[in-house]
Amino acid sequence: MNALLCAAFVLCWSSGFIGAKLGAGSAAAVTVLMWRALPPAVVLAAVAAIVARGSWRGLTVRAAARQAAIGALSQSGYLLTVYWAIQLGVSSGTTALIDGTQPLVAGALAGPLLGQYVSGRQWAGLGLGIAGVAVVTLADARSADGVAVWAYAVPFLGMLSLVAATFLEGRTREEVAPSVAMTIHCAVSAVVFTALALALGAATPPADASFWTAVGWLAVFATFGGYGLYWLVLRRSGLVRVNTLMFLMAPVTAVWGALMFGEPFGVQTAAGLALGLAAVVIVYAGEGGAGGPGARAGRPARAGSRAAEGAVAGADGRGPDRLARPDRPVSPDPPARCR
């Protein structure tokens, strides 16, 4: 069962990039984002009002405002750059790989920004991961026709938005239930994307059936499927195991995009993805499942370690869709492993 949950999680999370590609051919990015964000926001608001009212008790204005800021960075900013990059012609696999470096970058920045210990192994993994991104990006740029070079910088903006959200969340001291956080994030995204679409005159959805297929795909598989399975796998398998699964998104998306859209997948792309997976192995070797980058073996975590741990989680719980909440308790039992 755990193996099936892990596989479903990887597929649902990767589906966000594929859904963005589906929607890119039928409408502007902001149009897709607006109609992708509205249904989950309405559903979650209804659940909050009818079923989960108890989870909202004790939520302060300050905590809600912080969650709104986190949602704006990790969901609104992140998704906008992902969709924009894919609409500019960047392949879904390359976009996923660039965004997938977020855990490595945030883990490395935890040292200079938060005073957390970053080992030589982790720096080596970061370097290898960046090398993999460079190899895949160059391969994509050479094979793509009519794609501006600057378009490949757009996914990096999304990755940096996730990094900023990670450190903002890492400094949060007030507990917020995951369901409450997700509702706030989705509501903020719905407002941001609706306002942006209205301002650009792109709020009216096309009558194209492929548009609504993409919207339904994204709402069901990427938002509810990816996010919901993230928390389920987290509770069953633990944080480090989920973090490792996150790095499978790029190769899965690259293969999926090649099969579904004919995106380039040659020897150079395979080599770059292999470098990215090797970076994961290097970073997590010796971690023993007990902590994440930023925690030194044999030493207690210092203040702010949640950001260092959250650095390797990077998600939508929102993402390509949500950011991890590493401070959430998991099952007291020894975590089951995804095999």
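Starting afresh in each chain, residues are numbered from 1 along the sequence in its written order. Restriction of local features to residues with pLDDT of at least 70 applies here, the model being predicted, together with a cutoff of 80 or more for giving and counting side-chain atom pairs; totals for whole chains, interfaces and linings are based on all residues. Heavy atoms throughout the structure, all of them, feed into the side-chain values; hydrogens and water do not.

Comments concerning helix α3 (residues 61-88)
Now for step 1: Labels follow the DSSP assignment, with helices taken as runs of H or I lasting at least four residues and strands as runs of E lasting at least two, numbered in each case from the N terminus. One fewer than the residue count of a helix, multiplied by 1.5 Å, yields its expected span. Compared with the 40 Å implied by 1.5 Å per residue over 28 residues, the 39 Å span of α3 between its first and last C-alpha is a close match.
Now for step 2: Along α3, the helix axis deviates most sharply at Ala-72, where the bend reaches about 30°.
Now for step 3: Directly beyond the C-terminal end of α3, a positive phi value near 115° is found at Gly-89. Bend, at a single residue, is the angle you get between axes fitted to the 7 residues ending at that residue and the 7 residues starting at it.

Some thoughts on the environment of Phe-265
Now for step 1: By the secondary structure assignment, Phe-265 is in the loop between α11 (249-261) and α12 (267-284).
Now for step 2: Three labels apply to residues, based on accessible area from a 1.4 Å probe with only protein chains included: buried if under 20% of the type maximum, exposed if over 50%, partly exposed otherwise in between. Residue Phe-265 is classed as partly exposed on the basis of its relative accessible area, which comes to 37%.
Now for step 3: For the pair Phe-265 and Asp-140, spaced 125 residues apart in the sequence, the C-alpha separation amounts to 8.4 Å.
Now for step 4: Residues count as neighbours in contact if any of their non-hydrogen atoms are within 4.5 Å of one another. Leaving out residues up to four positions away in the same chain, Phe-265 has contacts with Ala-254, Val-255, Ala-258, Ala-270 and Leu-273.

Quick notes on the environment of Gly-262
Now for step 1: Considering the arrangement of structural elements, one finds Gly-262 in the loop between α11 and α12.
Now for step 2: Measuring from C-alpha to C-alpha, the distance between Gly-262 and Ser-91 comes to 9.8 Å, with 171 residues separating the pair along the chain.

Description of the packing of helix α2 (residues 29-50) against helix α8 (residues 178-199)
Now for step 1: Note on geometry: axes are C-alpha line fits, over the in-contact stretch for helices, and angles between N-to-C directions span 0 to 180 degrees. Running from amino to carboxyl end, α2 crosses α8 at an angle of 145°, the nearest separation of the two axes being 8 Å. Of the two possible hands of crossing, α2 and α8 adopt the one that is left-handed. Of the residues in α8, those touching α2 at Val-30, Leu-33, Met-34, Ala-37, Leu-38, Ala-41, Leu-44 and Ala-45 are Met-182, Thr-183, Cys-186, Ala-187, Ser-189, Ala-190, Phe-193, Thr-194, Leu-196 and Ala-197.
Now for step 2: Grouping the constituent residues of the contact of α2 with α8 by class yields 15 nonpolar, three polar and no charged. Less than a right angle of anticlockwise turn of the near helix away from the far helix marks a crossing as left-handed, whereas a clockwise turn marks it as right-handed. Gly counts as polar in this scheme, as do all residues outside two lists: the nonpolar Ala, Val, Leu, Ile, Met, Phe, Trp, Tyr, Cys and Pro, and the charged Asp, Glu, Lys and Arg.

Some thoughts on the packing of aromatic side chains
Now for step 1: Pairing of aromatic rings covers Phe, Tyr and Trp, the last through its six-membered ring, and needs centres within 6.5 Å; plane angles under 30 degrees mean stacked, over 60 mean edge-to-face, and all others mean tilted. All told, the structure shown has six aromatic pairs when counted by the stated rule.
Now for step 2: On the numbers, 5.9 Å between centres and 55° between planes, the contact of Trp-84 with Trp-150 is tilted. Here the residue Trp-84 occupies a position in helix α3, and Trp-150 occupies one in the loop between α6 (120-143) and α7 (154-170), the gap between them amounting to 66 residues.
Now for step 3: Where Trp-217 meets Trp-256, the ring centres are 5.9 Å apart and the plane angle is 50°; that geometry is what we call tilted. Separated by 39 residues along the polypeptide, Trp-217 in helix α9 (residues 209-237) and Trp-256 in helix α11 bring together distant segments of the chain.
Now for step 4: Exposure remark for Trp-256: the relative accessible area of 22% places this residue in the partly exposed category.
Now for step 5: Ring pairing ties together the aromatic residues Trp-35, Phe-211 and Trp-212, which thus form one cluster.

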